[in-house]
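Residues per chain, in single letters:
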Amino acid sequence: MVKVGKKSNIIEGHTHQVFEDVIELIGAFAKPNLMLVGPTGTGKSTLAEQLGEALGLPWGFVSCSGGLSETRVLGYNNIKGEYISTQFVRVYENGGVCLIDEIDAADENVLITINAALANGHLAIEARKNNPIAKRHKDCVIICAANTFGRVSYEYSARNNLDRSTLDRFTLSTLYMDYDQTLEKLILKDEDLCKVLWKVRETIQEYTMSKPLTTRAFSDIRQLLDAEIPYQKIVDKFLLPMNEEERIRLQPIFEQYKA
């Protein structure tokens, strides 16, 4: 249970171990821009949603990719010439929590737009002719999520390098968000199986295997077990895309659990 501020809500249940650090930084900065960096499936999106609930603010998100256009961030004019807004603009002007997901996969031109919004407290919206300048609301919290610290890695080769102007927005507001084992135990409800899966994960990381074992996978495994899918069949599904050497390393670890 986490309580945030005098006018905030109480979050029931489990929050990620970095949640209170996020709250601390939001309270410290006048214009809070945070970056959450961590492996895929660690719960970055869930944290942003819980943060909105804790602060009593609406939340929205933008999923970045190389094909993301500036209009998805700034809005556009429809065929009638009417301005169509976006979640980002609405949160920026009216307050709320906005998650910019996969920022290290964003198009460079879009990042320039986002950078300006983060640093300057205002945003130019040329398509909105009657009010082309959006001012940042005092309750606007922007959370950027990434799998890397802005440098291409083996595990996330499809990500882009982030330039210094982007990284400068998060010099002292970047948090590393790893897998939360307490949450995984709550999800799986089987500590013996958790220990086996954590050993599998350690081996995957040690040998830089291509397929991760994420918190999301713990949830999927729990659902399959509840549906009475045999444990070995679940293991076979997990190992299916892996090469023979990887299967040889991981199969004996999976066998340590007696379903």
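Scroll up for the structure.
What counts, and at which threshold
- Residues numbered from 1 in each chain as written.
- Predicted model: local features only at pLDDT ≥ 70, side-chain atom pairs only at ≥ 80, totals over all residues.
- Heavy atoms only, no water.
- Helix = DSSP H or I, 4+ residues; strand = E, 2+ residues; numbered from the N terminus.
- Expected span 1.5 Å × (residues − 1).
- Buried < 20%, exposed > 50% of the residue type's maximum accessible area, 1.4 Å probe, protein only.
- Lys, Arg positive; Asp, Glu negative; His and termini not counted.
- Salt bridge = Lys/Arg side-chain N within 4 Å of Asp/Glu carboxyl O.
- Polar contact = N/O pair within 3.5 Å; in protein donor to acceptor, adjacent residues only side chain to side chain.
- Contact = heavy atoms within 4.5 Å.
- Pairing = 2+ DSSP bridges.
- Axes fitted to C-alpha atoms, helices over the stretch in contact; angles between N-to-C directions.
- Phe/Tyr/Trp six-rings, centres within 6.5 Å; stacked < 30°, edge-to-face > 60°.
- Lys NZ or Arg CZ within 6 Å of the ring centre and 35° of its normal.

Colleague: Looking at this model, I keep getting lost on helix 5 (residues 108–120). Mind explaining?
Modeller: Each full turn of the α-helix corresponds to 3.6 residues, which orients residues three or four apart in the same direction. Over its 13 residues, helix 5 extends 18 Å from the first C-alpha to the last, a length consistent with the 18 Å expected when each residue adds 1.5 Å. Turning to helix 5, its buried residues number three or more, namely Val-110, Leu-111, Thr-113, Ile-114, Asn-115, Ala-117 and Leu-118. One or two steps after helix 5, the chain reaches Gly-121, where phi turns positive at roughly 80°.

Colleague: Help me understand the side chain of Asp-190 in this model?
Modeller: Locating Asp-190 in the fold gives a position in the loop between helix 7 (181–188) and helix 8 (191–206). Despite its burial, Asp-190 pairs with no opposite charge; the closest candidate is Arg-222, at 5.3 Å N-O. Polar side-chain contacts of Asp-190 include one of 3.2 Å to the backbone nitrogen of Asp-192. One polar contact links the side chain of Asp-190 to the main-chain amide nitrogen of Leu-193, over a distance of 3.1 Å. Ignoring any residue separated from it by four or fewer positions in sequence, one finds Asp-190 in contact with Lys-185 and Tyr-257.

Colleague: Whenever I open this one, the pattern of salt bridges confuses me. Can you help?
Modeller: A side chain with one charge may pair with a side chain of the opposite charge, provided their charged atoms come close. All chains considered together, the criterion is met by five salt bridges. For Arg-128, the salt bridge is made with Glu-93, and the minimal N-O distance between the two is 2.8 Å. With Arg-128 in the loop between strand 8 (122–124) and strand 9 (133–135) and Glu-93 in helix 4 (residues 87–94), this pair connects stretches of sequence that are 35 residues apart. A relative accessible area of 9% means that Arg-128 is categorised as buried.

Colleague: How should the sheet that holds strand 3 (residues 33–37) be read in this particular structure?
Modeller: In a beta sheet, neighbouring strands pair by backbone hydrogen bonds and run either parallel or antiparallel. Ordered in space as 4-7-10-3-11, the five strands form an open sheet in which the pairing is parallel. The open sheet has two edge strands with one neighbour each: strand 4 (59–63) and strand 11 (174–176). If you compare each strand with its neighbour and ignore which way they point, the axes differ by 20° on average. For strand 4 and strand 7 (residues 96–101), the ladder comprises five bridges, and the chain directions are parallel. The partner of Ser-63 across the bridge, within strand 7, is Asp-101. Taken strand by strand, helix 1 (residues 19–28) contacts strand 3, strand 10 (140–146) and strand 11, and its axis lies near 160° from that of strand 3.

Colleague: I tried to follow the environment of Asp-236 on my own but got confused; where do I start?
Modeller: Residue placement: Asp-236 occurs in helix 10 (residues 231–239). A residue is classified by how much of its surface remains accessible, and Asp-236, at 42% relative accessible area, is partly exposed. Taking the C-alpha atoms as reference points, Asp-236 and Gln-251, separated by 15 residues in sequence, lie 8.9 Å from one another.

Colleague: Where do I start with the packing of aromatic side chains in this structure?
Modeller: To describe a pair of aromatic rings, one takes the distance between the centres and the angle between the planes. For the coordinates displayed, the defined rule picks out five aromatic pairs. Its guanidinium or amino end placed over the ring of Tyr-179, Arg-201 lies 3.9 Å from that ring's centre, counting from NZ or CZ. Taking NZ or CZ as reference, Arg-249 lies 3.7 Å from the ring centre of Tyr-207, over its face.

Bear in mind that shape data such as this cannot, by itself, settle questions of function.
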